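Listed below are the residues making up each chain.
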Amino acid sequence: MSPIHRINPVELSPPAGFSHAVTATGSQLVFLAGQTALDQRGDIVGATLPEQFATALTNLLAALRAAGGAPADLARVTVYATDVADYRANAAELGRIWRRLAGRDYPAMAVIGAARLWDEQALVEIDGVAVLP
């Protein structure tokens, strides 16, 4: 039985790509540092938001796997975007990327606009919290 339970009350708008609430009863928390589209050399790769989102999510999931977790263990994810309008315009593609890399078990999520990220070329950063069984 999964330690993560997704809750989407019928009185709230239907969630698309996130869960309204998540409960977790596992034995270990994993706090995942913000990940951008850095490659192994430390260079930002990808010129577009979807390209960078795919790399940032891949990096986040690599850190999670190294800690012994899987995408379904994500309880909370925060996405920081330097252009929220661009994020919204690419939402369908970003959703496809999420489903391809992380599946359909959506964590509680938020997208926050950021004037600038640590690496000036970064368009998106993703952090999260996972609960392992």
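The structure under discussion appears in the preceding block.
Residues numbered from 1 in each chain as written. Predicted model: local features only at pLDDT ≥ 70, side-chain atom pairs only at ≥ 80, totals over all residues. Heavy atoms only, no water.

K.L.:
Which residues make up the nonpolar core, and what values go with them?
P.N.:
In this structure, Phe53, Leu74, Trp98 and Ile126 are the most contacted members of the largest nonpolar core, which totals 25 residues. At the level of elements, strand E3 (28-35), helix H1 (49-66), strand E4 (74-81), helix H3 (91-102) and strand E6 (124-132) are the ones that each hand at least two residues to this core. Among the elements that take part in this core, H1 stands out by supplying 8 residues, more than any other. (Core = buried A, V, L, I, M, F, W, Y, C linked by side-chain atoms within 4.5 Å. Buried < 20%, exposed > 50% of the residue type's maximum accessible area, 1.4 Å probe, protein only. Helix = DSSP H or I, 4+ residues; strand = E, 2+ residues; numbered from the N terminus.)

K.L.:
Now, about the packing of H1 against H3: what can you tell me, with residues and values included?
P.N.:
The geometry of H1 relative to H3 is characterised by a closest axis approach of 10 Å and an angle of 25° between their N-to-C directions. Judged by the angle between their axes, H1 and H3 are roughly parallel. Of the two elements, H1 crosses H3, and the hand of that crossing is right-handed. Between H1 and H3, the residues in contact are Leu49, Pro50, Phe53, Ala54, Leu57, Thr58, Leu61 and Arg65 and Glu93, Leu94, Ile97, Trp98, Arg100, Leu101 and Ala102, respectively. When its residues are assigned to classes, the contact of H1 with H3 shows 11 nonpolar, 1 polar and 3 charged. (Axes fitted to C-alpha atoms, helices over the stretch in contact; angles between N-to-C directions. Parallel < 35°, antiparallel > 145°, perpendicular 65-115°, else oblique. Left-handed = near helix turned anticlockwise from the far one by under 90°. Contact = heavy atoms within 4.5 Å. Nonpolar A, V, L, I, M, F, W, Y, C, P; charged D, E, K, R; others polar.)

K.L.:
Explain the side chain of Asp73 to me, and be specific about the residues and the numbers.
P.N.:
Mapped onto the elements of the fold, Asp73 is located in the loop between H1 and E4. The charged side chain of Asp73 is buried without a salt bridge, its nearest counter-charge being Arg6 at 7.2 Å. In contact with Asp73, other than residues within four places in its own chain, are Ile4, Val129, Ala130, Val131, Leu132 and Pro133. (Lys, Arg positive; Asp, Glu negative; His and termini not counted. Salt bridge = Lys/Arg side-chain N within 4 Å of Asp/Glu carboxyl O.)

K.L.:
Let's hear about the layout of surface pockets: which residues, and what values?
P.N.:
Reported here for the largest pocket is a volume of approximately 460 Å³. Along the walls of the largest pocket sit 16 residues, with Ala16, Gly17, Tyr87, Ala91 and Val111 positioned nearest its centre. At the level of secondary structure, the elements contributing two or more residues to the lining of the largest pocket comprise helix H2 (84-89), H3 and strand E5 (108-113). The biggest single contributor to the lining of the largest pocket is H3, with 5 residues. (1 Å grid on protein atoms, 1.4 Å probe; cavity = no way out; pocket = protein on both sides within 12 Å on 5 of 7 lines; lining within 4 Å. Points joined across faces, edges and corners; volume = space filled by probe spheres on them.)

K.L.:
Lay out the pattern of salt bridges with the relevant residues and their values.
P.N.:
Across all of its chains, the model carries 3 salt bridges by this definition. For Arg41, the salt bridge identified is with Asp39, shortest N-O distance 3.3 Å. Judged by relative accessible area, which is 21%, Asp39 ranks as partly exposed. Here Asp43 and Arg41 are joined by a salt bridge, their closest N and O atoms 3.2 Å apart. Accessibility expressed as a relative area gives 68% for Arg41, which makes it exposed. Beyond isolated ion pairs, a larger network of salt bridges with shared partners links Asp39, Arg41 and Asp43.

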